[in-house]
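# Coordinate analysis (summary)
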Amino acid sequence: MKRIFRTGLMGMAAAIALSGSAFAADYPTKPIEMIVAFAPGGGTDVAARSIASFMEKHLGDGARIAVINKPGAGGEIGWTAVAQAKPDGYTIGFINVPAINALVVEGKAKFKMDDFQPIANLVYDPGVLVVGKNSPFKSVKDLVEAAKEKPGTIAVGTSGAVGSSEHITILNFERLAGIKLTHAPFGGTAPVRQAVLGGHIPAATMNLSEALQLAREGEIRVLGVMSEERSEYLKDAPTFREQGYDVVAGSSRGIAAPKGIPAEIVAKLEAAVDKALKDPEYLEAAKKAEIPLHYLASADYKAFLDKSTADLEATWKVSPWR
Amino acid sequence: MIDAIIHALPHVFAPANLLAITIGSVAGLVVGALPGLTVTTGIAILIPLTFGLDPLFALGMMAGMYNAGSYGGAIPAILMRVPGTPASVATILDGYEMTKRGEAAYALQVAVVSGVIGSVLSAIALILFAPPLVKVSLLFGPAEYFWLAMLGLATISALLGDDLVKGIAASAIGLLIGTVGQDLTSGTERFTFGSLELMDGFSIVVLLTGLFALPPVFQMAEEAIKEGMSASLLRFKKQRSVMREWRYFLPVWLRSSAIGIFIGVMPGAAGSMSSFLAYNEAKRVAHSPETFGQGNPEGVAASEAGNGADNAAALIPALSLGIPGSGVAAVILGGLLVHGLRPGPQLFRDHPDIVYGFMLQMLLSAFLLFAVGGLAATRIFGQVLRLPRIVLAPLIVLFVAIGVYAVNNAMFDLYVLMGVGVVAYVLEKLDYPQAPVVLGLILGPMAESQLRLSLTISQGDPSALVASWVSIILALLTAIVLVTPLYRSWREKRQRKPAAA
């Protein structure tokens, strides 16, 4: 009895192993789960839901992608689910740099960056430092000088908590400019924007896309953009680099799968993302919504992820954020 | 503005767009009435489906779902004591008592009319007063939010029930549960026991559902009577008419709507606060506050009008600044972005027909609620109660479990749900009121985090807490709310003394 059972099991294992390669060829044969580590309606969720339908179209053969929200713990719950999923190509997910790398560098996460197989990056949204329209600060330098005069008196609001990527950026800026600021974590983008507009906080950081409309209306002033070059969406806003501070930071959204997923499937998904991002219908919608698209294919995305992790490791050694 | 409204009218009343609002309303009622499933989830699922559609069609569905979903929660709350949405918890307090008295139809009627009135006033505020109301919302920084939370906590006393000590214990339980999770200011994890799921604290939807939806089910199972609620209790005709008693309800409606609109406009105040604060206020000013919680229709009216008034108002900062006033408004913002509509002042300039069209749809869907909610849905849902309890109880648990799982797609939430449900059942057996738990849970973390933010920004200088006139007014109001009962009892004692002598 026992032996029959064992042979049966072995037969089943063989059948599964055999079906593996056939299975990559006609992938996908069932719905693909796309895990989003944030709540429905957030930036990442909207990005995922809009790209999913175009990926379905370009995967062809009636492919189905189901967006599953697993929010919590700043993304850690959803990312852990992606890292620990079966690498069969039927679970993929959105990962967000640098938040995900920061968790790994702190050594707190249950996953390593190697547990992910990068597929493609979609969006890169640079960070910005903003002040209210009545603020005395006109440039990054004004703020740095004021902070040098009275260290620690200027509070900078962020949408995150202690240890969030925006907090880490502030630490980097403090180090590069030789100043001391006070970090005020608001825990969400809506309250921090409200506080800047209402003049309840001297300055704040957020992503460019979140500041764009208010900056164009003159309701808030962008002191500096944390990208290498000026953004084409807001050409008047100078970069930090132009003003002599080498602060480059932002958040990116891309798609990854658990490591060990067959190379053919990676290639298929990568191609689907590439085609979806070139789809005129998608491009038009993205342009209207001013989504800062930034496509990176699997290999480039991997290099980008590695660099982000290395940068954060360097920061962690000098100024641990937690 | 009037030009834009007139321009938008034909679009709003186009047959396709009317259909969109109706579809949205029906879907919203279902989503709202199913415990655990919330309007936020419903609209989030809707957004990708609207990708290729005309923006006003998509927004019409969202408007319908928003208003109808927020009322839908009241149906199971009144009929079964199971809240369909977190905001309908306050409706249970009097709504279910009315059902037990055989006034289910009347209670539902009060709920739907009050919800419509709140939503209509809110939509009018959105159309007419968005710019000044946005300015008011900008006056609120961390210090002002802190006082708002303190004011809310001070009014808890109205919810305490007969036994003061048990009421205070219940509030303390709420405050304690609210401390679980990562502390934003220091990054320290509190009472999470290393669990990732507890990092953000307990999910409010899960907790509220466990607290309020499960104990009545356990009760049903305990009684296990093999028959449904008698049909005589469920007569849906021939009961009093709210419309004929409008004079009686008018003050409650107006006060509650004002509270709902105010809380809706504030991005930092949780949406489910409006119905509670409106209920509190109605009870506080009532001539006979002791009838609240015993099936006073005013309680239902206050809760539902406050809840309805929160809806359109939450869109005021969302549309004009891109800052959502509630969770649902945040999802709707996402929906606008998908259609290339970027919220902010330029939205009103570049797409006035769509913005005003959407606002009119919010108004229209509020009126439509009368028909969809008042006539059809409540009767259909009402019949569910005629099922034998032995069938009904597991059915409710099934829907609750599906709804709660759908919030975060996490098994953990189901364990929390069951755990909280059992604890809540025991508390109920021991006569602890549940409502104070909720307010403690919502307001405690708000008061704490805003106080700390305010002190962080001011470098620890406590004078920042009373630096603005808004803070001072809120602080004074808090003091008045706390001192009034003391003063009253002191006066009563003094009056009694000469009589005794």
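Just so it is clear, the model here is predicted, and its values are computed rather than measured. (Residues numbered from 1 in each chain as written. Chains lettered and ligands numbered in written order. Predicted model: local features only at pLDDT ≥ 70, side-chain atom pairs only at ≥ 80, totals over all residues.)

### Remarks on the overall build of chain A
Across its full length, chain A holds eleven helices and ten strands. In terms of overall size, chain A behaves like a compact globule, its C-alpha atoms giving a radius of gyration of 22 Å where 322 residues would be expected to give roughly 20 Å. With respect to the principal axes defined by its C-alpha atoms, chain A has extents near 80 × 45 × 30 Å. The buried share of chain A, taken over its 322 residues, is 53%. Within chain A, residue pairs in contact and separated by at least 24 positions form 76% of the contacts whose partners lie at least 6 positions apart. (Helix = DSSP H or I, 4+ residues; strand = E, 2+ residues; numbered from the N terminus. Rg over C-alpha atoms; globule rule 2.2 N^0.38 Å. Buried ≥ 20, exposed ≤ 12 C-beta atoms within 10 Å, placed from the backbone. Contact = placed C-beta atoms within 7 Å.)

### Points about helix 2 (residues 43-59) of chain A
All names here are of chain A. Under the 1.5 Å per step criterion, the end-to-end length of helix 2 is 24 Å for 17 residues, consistent within 8% with the ideal 24 Å. Of all the 17 residues making up helix 2, twelve are buried; the element is thus mostly covered by neighbouring parts of the structure. Among all positions of helix 2, only G43, T44, D45, V46, A47, A48, R49, S50, I51, F54, M55 and L59 are buried. Just past helix 2, the residue G60 takes up positive phi, approximately 75°. (Expected span 1.5 Å × (residues − 1).)

### With respect to the confidence of the model for chain A
Residues and elements named next belong to chain A. Across chain A, pLDDT averages 86, with 92% of residues at or above 70. The lowest-confidence element of chain A is helix 1 (residues 2-25), averaging 50 in pLDDT; the highest-confidence one is strand 8 (residues 220-225), averaging 95. Here residues 1-5 is modelled with pLDDT under 50, and outside its nearest four sequence neighbours on either side it reaches zero contacts, counting other chains as well. Of the regions scoring below 50 in pLDDT, residues 7-22 engages in zero contacts with residues more than four places distant in sequence or in other chains. (pLDDT = per-residue confidence, 0-100.)

### Considerations on the domain arrangement of chain A
Residue and element names in this part refer to chain A. Here the domain parsing of chain A yields domain 1 (2-125 + 250-318) and domain 2 (127-243). Just the C-alpha atoms count here: the centres of domain 1 and domain 2 sit 31 Å apart. Each partner contributes to the interface: domain 1 provides eleven residues, whereas domain 2 provides 15 residues. Taken together, the residues of the side of domain 1 that touches domain 2 break down into five nonpolar, four polar and two charged. (Domains from an automatic or database assignment. Nonpolar A, V, L, I, M, F, W, Y, C, P; charged D, E, K, R; others polar.)

### Some details on the interface of chain B and chain A
Chain B puts 46 residues into the contact, and the matching count from chain A is 43 residues. Counting only elements with at least two residues in the side of chain B that touches chain A, the list comes to helix 3 (39-49), helix 7 (104-138), helix 14 (327-338), helix 15 (345-350) and helix 19 (435-457) of chain B.

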